[in-house]
Amino acid sequence: MAASPAYSLIATDLDGTLLRGDDTVSDRSRAALARVARAGARHLVVTGRPAPRVRPLLDDLGCTGLAVCGQGAQVYDAGADRMVWSVRLDRELAETALGKIEAEVGQVYAAVDQDGVDGLTLIEPGYRMPHPTLPAQRVAHREDLWAEPISKVLLRHPDLSDDELAAIARSAVGSLATVTMSGPGTVELQPEGVTKATGLALAADLLGIGAGQALAFGDMPNDIPMFAWVGHGVAMANAHSELKAVADEITKSNEDDGIAVVLERLFPFE
């Protein structure tokens, strides 16, 4: 009789974790995920990217099940191309939060991810996409960002570091929104109380899998709630120091197949 897998659910962040710097997944990582599937465990992408920006990658990986997108604000069914669950960031609250942040730090540049499977990423003048490969549509004025329902706001400051901007934003925004830092140049406002952990918990419940059966990989502070929820959290060697501080294990970097290193150990038999 084959041994039961060490974990039933493998949750992976994308940028800086499963993806290499060129937005590709290595052959070794693909083989490790295939080994996981053959062992009967599930792979679940848990990412800050909105569903429309994740769809091509899910297709490339052959993922037809659930994915957690938009920092936990969206649970997306890739096979059916539909949202199982989503929560929006109130646009008036988002605009108020943005004003409070600018009152503290001066002008910031903003972008939004619209809600829905066909939602656009809109960027205002001066905002520079941290991932140039991801499509975005530039608008003429900030008020154009609020034309349709949104799932989150992305912020950049011309001088402050991501850590500095995130800390000031949390203090300024208070309970209006959740502030996260998900990558270089990526400080975000999302619905209050929504994190990767809330989205992952919902997806896992739909799959009938408990937190103790879940293993997660990540690299940034937005992965901290996810690590707190799962049975075992693995930070990449390139991870932010805040995530490393709460990780159960640190593996190699995303460029050095850190996910595969762990999965090959935990799922040793074909």
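Structure: above.
Caption draft 1: Examining the packing of helix H2 (residues 27-38) against helix H9 (residues 258-266) more closely. Interaxial distance between H2 and H9 falls to 9 Å at its minimum, and their mutual angle equals 30 degrees. Relative to H9, H2 is oriented so that their crossing is left-handed. Two secondary-structure elements touch here, H2 through Arg28, Ser29, Ala32, Leu33, Arg35 and Val36 and H9 through Ala260, Val261, Leu263 and Glu264. Grouping the amino acids of the contact of H2 with H9 by side-chain chemistry returns six nonpolar, one polar and three charged.

Caption draft 2: Region of interest: the pattern of salt bridges. Applying the stated criterion across every chain, the model contains 14 salt bridges. Salt-bridge contacts for Arg55 lead to Asp81; the nearest nitrogen and oxygen are separated by 3.2 Å. You can see Arg55 sitting in helix H3 (residues 51-61) and its partner Asp81 sitting in the loop between strand S4 (74-77) and strand S5 (82-86), a full 26 residues away along the chain. When its relative accessible area of 34% is taken as the criterion, Asp81 is described as partly exposed. A salt bridge links Arg88 to Asp115; the shortest N-O distance between them is 2.9 Å. Of this pair, Arg88 sits in the loop between S5 and helix H4 (91-105) while Asp115 sits in the loop between strand S6 (109-114) and strand S7 (121-123), and the two are 27 residues apart along the sequence. In this structure Arg88 comes out as exposed when scored by relative accessible area, which is 52%. Asp115 gets classed as buried once you look at its relative accessible area, which sits at 15%. Among the ionic contacts, a cluster of salt bridges with common partners joins Asp13, Lys196 and Asp223.

Caption draft 3: Molecular detail of the sheet that holds S7. The mixed open sheet is built from six strands, whose spatial order is S8-S7-S6-S9-S11-S10. In this open sheet, the two strands that pair with only one neighbour each are strand S8 (137-138) and strand S10 (178-183). The pairing of S10 with strand S11 (residues 186-190) spans five bridges and is antiparallel. Bridge pairing in S11 links Gly183 to Thr186. Against the sheet, H4 contacts S6, strand S9 (150-156) and S11, and its axis sits at roughly 15 degrees relative to S9.

Caption draft 4: Structural view of the pairing of S11. In terms of residue burial, S11 counts as a mostly covered element, since five of its five residues are buried. Burial along S11 is two-sided: Thr186, Glu188 and Gln190 facing one way and Val187 and Leu189 facing the other are all buried. Bridge count between S9 and S11: three bridges; the pairing is antiparallel. Note that in S11 the partner of Leu154 across the bridge is Glu188. Taken together, S10 and the strand that follows it, S11, pair antiparallel across an intervening segment of two residues, in which Gly185 is found at a positive phi of about 75 degrees.

Caption draft 5: Focus on the nonpolar core. Residues Ile10, Leu58, Tyr76, Leu215, Phe217 and Leu263 are the most contacted members of the largest nonpolar core, which totals 32 residues. At the level of elements, helix H1 (14-18), H2, H3, strand S3 (66-69), strand S12 (214-218) and H9 are the ones that each hand at least two residues to this core. If one sorts the elements of this core by residue count, H9 sits on top with five residues. Dropping the residues within four chain positions of it, Ile10 is found in contact with Val36, Arg42, His43, Leu44, Leu215, Phe217, Leu263 and Phe267.

Here is what the cut-offs are and how they apply
- Per-chain numbering applies: the sequence of each chain, read as written, is numbered from 1 onward.
- Where totals are concerned, whole chains, interfaces and linings use all residues; where local detail is concerned, this predicted model gives features only for residues with pLDDT of at least 70, and gives and counts side-chain atom pairs only at 80 or more.
- To obtain the side-chain values, all non-hydrogen atoms of the structure were included, while hydrogens and water were left out.
- Every axis corresponds to a line fitted to the C-alpha atoms, with the helix fit spanning only the stretch in contact, and the corresponding angles, defined between N-to-C directions, vary from 0 to 180 degrees.
- Runs of H or I in DSSP of at least four residues are treated as helices and runs of E of at least two as strands, each being numbered from the N terminus.
- Crossing chirality is assigned from the near helix's rotation relative to the far helix, an anticlockwise turn below a right angle marking it left-handed and a clockwise turn marking it right-handed.
- Only heavy atoms enter the contact rule, under which two residues are in contact if any of them lie within 4.5 Å.
- The residue classification treats Ala, Val, Leu, Ile, Met, Phe, Trp, Tyr, Cys and Pro as nonpolar and Asp, Glu, Lys and Arg as charged. All others, Gly included, are polar.
- Whenever a carboxyl oxygen of Asp or Glu lies within 4 Å of a side-chain nitrogen of Lys or Arg, that contact is scored as a salt bridge.
- The buried label applies to any residue whose accessible area, calculated with a 1.4 Å probe on protein chains only, is under 20% of its type's maximum; exposed applies above 50%, and partly exposed to all values in between.
- By definition, two strands form a pair when at least two bridges between them are found by DSSP.
- What we call a nonpolar core is a set of buried Ala, Val, Leu, Ile, Met, Phe, Trp, Tyr and Cys residues that are connected through their side-chain atoms within 4.5 Å.

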